Amino acid sequence: MDFLSYLYIFILGACIGSFINVLALRYNTGMSAVSGSSQCFHCGTPLKWYELIPLVSFIVQLGKCRTCGTYLPWRYFAVEILTGVLFVGIAMRQYYYWPLYSGFQHGLLYSVLFFVFYAFVFSLLVAIMLYDIRHMIIPDPWVYLFIALSLYKLLLFMYCRGFTFMRSDMLDILAWVILFLPFALLWAFSSGRWIGFGDAKLALGIGALLGFTSGLSAVILAFWIGAVWSVGMILWRRFKGQDGTLTFSSEVPFAPFLIIATAIVFFTRIDVLNIGNMIELL
Ligand SMILES: [Zn+2]
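Residues numbered from 1 in each chain as written. Predicted model: local features only at pLDDT ≥ 70, side-chain atom pairs only at ≥ 80, totals over all residues. Heavy atoms only, no water.

Caption draft 1: How the structure looks around the overall build of the chain. From N to C terminus, the chain includes 11 helices and 0 strands. The order of helices and strands in the chain, counted from the N terminus, is α-α-α-α-α-α-α-α-α-α-α. At 21 Å, the chain has a C-alpha radius of gyration in line with the 19 Å of a compact globule built from 282 residues. When the backbone C-alpha atoms are referred to their principal axes, the chain occupies close to 65 × 50 × 35 Å. Once local pairs closer than 6 in sequence are excluded, the contacts in the chain between residues at least 24 apart make up 68%. Accessible surface, the chain: about 15,900 Å² in total, of which carbon and sulfur atoms supply 71%. Of the charged side chains in the chain, 16 are positive and 12 negative; the average position of the first set lies 7 Å away from that of the second. (Helix = DSSP H or I, 4+ residues; strand = E, 2+ residues; numbered from the N terminus. Rg over C-alpha atoms; globule rule 2.2 N^0.38 Å. Contact = heavy atoms within 4.5 Å. Areas by Shrake-Rupley, 256 points an atom, 1.4 Å probe, with all protein chains shown as cover. Lys, Arg positive; Asp, Glu negative; His and termini not counted. Charge placed at Lys NZ, Arg CZ, Asp CG, Glu CD.)

In structure tokens, the structure reads:
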């Protein structure tokens, strides 16, 4: 694919990112995500249409409200860029896997439909991540939708590829249970102090989406990223002369680490512990 095609896909992603920002901000507040005008969170001035163009408005206004000059949260800008980059990544991945599709009748249609599918799934994950960072909770309808889509993809793949009773296929079809159980047990034993039940549901969806090897890789990677981040936070607090203690579940939402790790594994197919080979050796 050429540069211009990727640019269009990036812009599409940035627009969706802009919508995710609004959705994550307004969900459960009684405000509609699709109607009602956006306003400056500081002075309340309704924003004009030209102040709502993803990326462009933020850059033109140098990240400030045109009326009161308050800096707008950079988070909005970051989410628009992130979603744009994710969309481009998914398109590149579909392009990379094109030889797999080209053998099928209507292969192009399937490839495009899977682009739409993954774009939707990752948009949903970005929304879950934003909401969890803000409210320390994952909205049930969002995570259930993620689980339903992931299970659907799992069944579709097994149907298209043909399920065998080989060890790797058995593990793939059960990956959602295998990833869900440890989180659910951690949640039950700690009465929700170490990990939230929302994280267990998210892990279930990740298992169905990625399969066993990649799913387990994503969970392990999430713990590593979480550990590095937590140590960084503790050092930063010590550096600023604050109390350096950090309790994991109460202060650090885990869903963002799970989602970042899922994206890394999805795009790079990294197998952090060489799990794929270990299965073959068992
Ligand atoms: Zn303002």
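Caption draft 2: Representation of the packing of helix α5 (residues 107-135) against helix α10 (residues 255-268) within the structure. In the contact formed by α5 and α10, the axes pass within 8 Å of each other and the chain directions differ by 155°. Classified by the angle between their axes, α5 and α10 sit roughly antiparallel to one another. When you trace α5 past α10, the crossing you get is left-handed. Residues Tyr118, Phe122, Leu125, Ile128, Met129, Asp132 and Ile133 of α5 lie in contact with α10, whose contacting residues are Ala255, Pro256, Ile259, Ile260, Ala263 and Phe266. Classifying every residue of the contact of α5 with α10 gives 12 nonpolar, no polar and 1 charged. (Axes fitted to C-alpha atoms, helices over the stretch in contact; angles between N-to-C directions. Parallel < 35°, antiparallel > 145°, perpendicular 65-115°, else oblique. Left-handed = near helix turned anticlockwise from the far one by under 90°. Nonpolar A, V, L, I, M, F, W, Y, C, P; charged D, E, K, R; others polar.)

Caption draft 3: Region of interest: the nonpolar core. In this structure, Leu125, Ile128, Phe146, Phe183, Leu202 and Leu258 are the most contacted members of the largest nonpolar core, which totals 66 residues. Elements with a minimum of two residues in this core: α1 (3-26), α3 (74-96), α5, α6 (140-161), α7 (167-189), α8 (197-239), α10 and α11 (275-281). Counting residues per element, this core draws most heavily on α5, at 15 residues. When residues are assigned to domains, this core turns out to be shared by domain 1 (1-135) and domain 2 (138-282), each giving three or more. (Core = buried A, V, L, I, M, F, W, Y, C linked by side-chain atoms within 4.5 Å. Buried < 20%, exposed > 50% of the residue type's maximum accessible area, 1.4 Å probe, protein only. Domains from an automatic or database assignment.)

Caption draft 4: Expanded view of the pattern of salt bridges. As enumerated under the stated definition, the model contains 1 salt bridge in all. In this structure, Lys201 engages Asp140 in a salt bridge whose closest nitrogen and oxygen atoms are separated by 2.4 Å. Residue Lys201 is located in helix α8, and its partner Asp140 is located in helix α6; the two are separated by 61 residues in the primary sequence. Since its relative accessible area comes to 34%, Asp140 is described here as partly exposed. (Salt bridge = Lys/Arg side-chain N within 4 Å of Asp/Glu carboxyl O.)

Caption draft 5: Structural view of the coordination of the zinc ion. Protein ligation of the zinc ion involves Cys40 (SG), Cys43 (SG), Cys65 (SG) and Cys68 (SG), the donor distances falling in the range 2.3 to 2.4 Å. For the zinc ion, the 4 donor atoms in the first shell make angles of 104 to 117° at the metal, so the coordination geometry reads as tetrahedral. As a motif over one chain, the donors of the zinc ion read C-x2-C-x21-C-x2-C. The class for Cys65 is buried, based on a relative accessible area of 6%. (Donors = N, O, S within 2.8 Å, 3.2 Å for Na, K, Ca; no water. Tetrahedral: all angles 85-135°; square planar, octahedral: opposite > 155°, others 65-115°.)

Caption draft 6: Representation of a nonpolar patch on the surface within the structure. There is a patch of nonpolar side chains on the surface, built from Phe3, Leu4, Leu7, Tyr8 and Ile11 and spanning about 530 Å² of accessible area. The residue Leu7 is located in helix α1 in this model. For Leu7, a relative accessible area of 33% gives the class partly exposed. (Patch = residues over 30% accessible without salt bridge, like charges linked within 9 Å, V, L, I, M, F, W, Y side chains within 5 Å.)

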